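Summary of structural features
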Amino acid sequence: MSSSVIRRIGVVSAGDMGSAVGRVLGQAGYSVVTCMVGRSLSTRRQAEKAGMKDTPSLSDFLAESDVVFSILPPSSALDFAKDIAKAASQTPRSTNPLFVDFNAIAPKKANKIHDILRGAGMDMVDGCIIGLPPRDVRASQPCFYVSGPRASHMLSLSDALNIKQLNETIGAASNLKMCYSALSKGLAALGAVSYVTAETAGLLSPLREALQVTHPELDAHFQALLPAMCPKAYRWVGEMDEIASTQQDAGVPPGLFQGASKLFEFIAASPLGQPDPSTGGRTPPANMEAALRGLAEEAEKNAPKGQ
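Our subject in this report is the structure included herewith.

Rules used throughout
- Residues numbered from 1 in each chain as written.
- Predicted model: local features only at pLDDT ≥ 70, side-chain atom pairs only at ≥ 80, totals over all residues.
- Heavy atoms only, no water.
- Helix = DSSP H or I, 4+ residues; strand = E, 2+ residues; numbered from the N terminus.
- Buried < 20%, exposed > 50% of the residue type's maximum accessible area, 1.4 Å probe, protein only.
- Areas by Shrake-Rupley, 256 points an atom, 1.4 Å probe, with all protein chains shown as cover.
- Expected span 1.5 Å × (residues − 1).
- Contact = heavy atoms within 4.5 Å.
- Polar contact = N/O pair within 3.5 Å; in protein donor to acceptor, adjacent residues only side chain to side chain.
- Salt bridge = Lys/Arg side-chain N within 4 Å of Asp/Glu carboxyl O.
- Phe/Tyr/Trp six-rings, centres within 6.5 Å; stacked < 30°, edge-to-face > 60°.
- Lys NZ or Arg CZ within 6 Å of the ring centre and 35° of its normal.

Below, the discussion takes up the overall build of the chain. Along its length, the chain carries eleven helices and eight strands. Over its C-alpha atoms, taken along the principal directions, the chain stretches across nearly 70 × 45 × 35 Å. Within the span of the chain, comprising 307 residues, buried residues form 49% of the whole. Surface accessibility of the chain: about 14,200 Å² in total, with carbon and sulfur atoms responsible for 53%.

Before going further, it helps to spend a moment on helix α11 (residues 288–302). End to end, α11 covers 21 Å across 15 residues, agreeing with the expected 21 Å (1.5 Å per residue, within 8%). Burial in α11 covers these residues: M288, A291, L292, G294, L295, A296 and E298. Here the buried face of α11 lies against α6 (172–200), α7 (204–214), α8 (216–229) and α10 (255–269). Of the residues that open α11, the one with a side-chain oxygen 3.2 Å from the backbone nitrogen of E289 is N287.

Take the pattern of salt bridges next. Throughout the structure, instances matching the rule amount to ten salt bridges. Across the pair D115 and R118 runs a salt bridge whose closest N-O atoms are separated by 3.1 Å. Taken together, the residues D115 and R118, both in helix α5 (residues 107–119) and three residues apart, mark about one turn of the helix. Put simply, R208 and D219 hold a salt bridge, and the shortest N to O gap is 2.9 Å. Within this pair, whereas R208 is found in helix α7, its partner D219 is found in helix α8, the two being separated by eleven residues in sequence. What makes R208 buried here is its relative accessible area of 15%. Taking the relative accessible area as the measure of exposure, D219 reaches 2% and is therefore buried. Bridged by salt links that share partners, the residues R208, D219 and E289 form one connected network.

Within the secondary structure, L155 sits in the loop between β7 (143–147) and β8 (162–165). Setting aside residues up to four positions removed in sequence, L155 forms contacts with I163 and Q165.

So, on to the packing of aromatic side chains. Geometry of an aromatic ring pair is reported as the spacing of the ring centres plus the angle between the planes. Across all of its chains, the model carries five aromatic pairs by this definition. Ring plane angle 85 degrees and centroid distance 5.0 Å describe the contact between F69 and F102, whose orientation is recorded as edge-to-face. Here the residue F69 occupies a position in strand β4 (residues 67–70), and F102 occupies one in the loop between β5 (98–101) and α5, the gap between them amounting to 33 residues. Summarising the burial analysis for this pair, F69 and F102 share the class buried. Relative to F144, the ring of F102 has its centre 5.5 Å away and its plane inclined at 75 degrees; by these criteria the two rings are edge-to-face. With a gap of 42 residues between them, F102 in the loop between β5 and α5 and F144 in strand β7 connect regions that are remote in the sequence. There is no split in this pair, since F102 and F144 are both buried. Above the ring of Y234, the side-chain terminus of R282 is found at 3.7 Å from the ring centroid.

Okay, the environment of S194 next. With respect to the helices and strands, the residue S194 is situated in helix α6. Overall, S194 belongs to the partly exposed group, its relative accessible area being 32%. For the pair S194 and V33, spaced 161 residues apart in the sequence, the C-alpha separation amounts to 43 Å.

Below you can see the structure in the form of structure tokens.
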């Protein structure tokens, strides 16, 4: 099973969050590796900038890691765990790295990943990340919540990251993330639906005027949130599905976030959500007005004719 001393940390993938985590861990003195097989040019550049060492295969990646951080879009979490389990099974070693799933997934999926890894002789910690990518060592944001029987092992990384242990239940940290994202990204979905609909009707100005009187903090929040949301929408589709699954398993009607999933799918498919063909990176529109104009144009293409 997993080693007890953490000196070497593997991080996949080196996107905005993963590369920031890797950079901070490196600044704190840890050896940080990644595996760029199948990753975009944009991700490769972020990993290089963060000082993360690339390894040629997942087998090499495991060999150079005491702990593996999985930080991926939710739709990739299960497949990556399967790939790691396969690599661990193909190259037996005396100790396997501890696997920490920091993805925004439903508790049910976290338990499925736990079972897959256990079959390959690996221990897993359930985790979630709440907050923006870290800028400095021991930054208060983001917070890395962990749960599961081996969760306390992660506290040794508190010299670099803000780690909080919840309990010994696999799925608890994932559930917390689902509840948090239902609020944070759910608000983004509500704002997008309301503002884009108002834009298509020529009513954005009076809508914002009304909000500035009754809820000025919301309009200010949406000014920053709505353009920033566009390049992230492709990742949020799967997260909305995971939230809906979590709510359904809890006996709560899941329809709200099934709808949010379709909304972010619409945004991701629009020109504002598409990657740069040359780098694979995504750039947010210049401001909220540009985001709303672009999304309103796409919405009008879908509107029933003759109304």
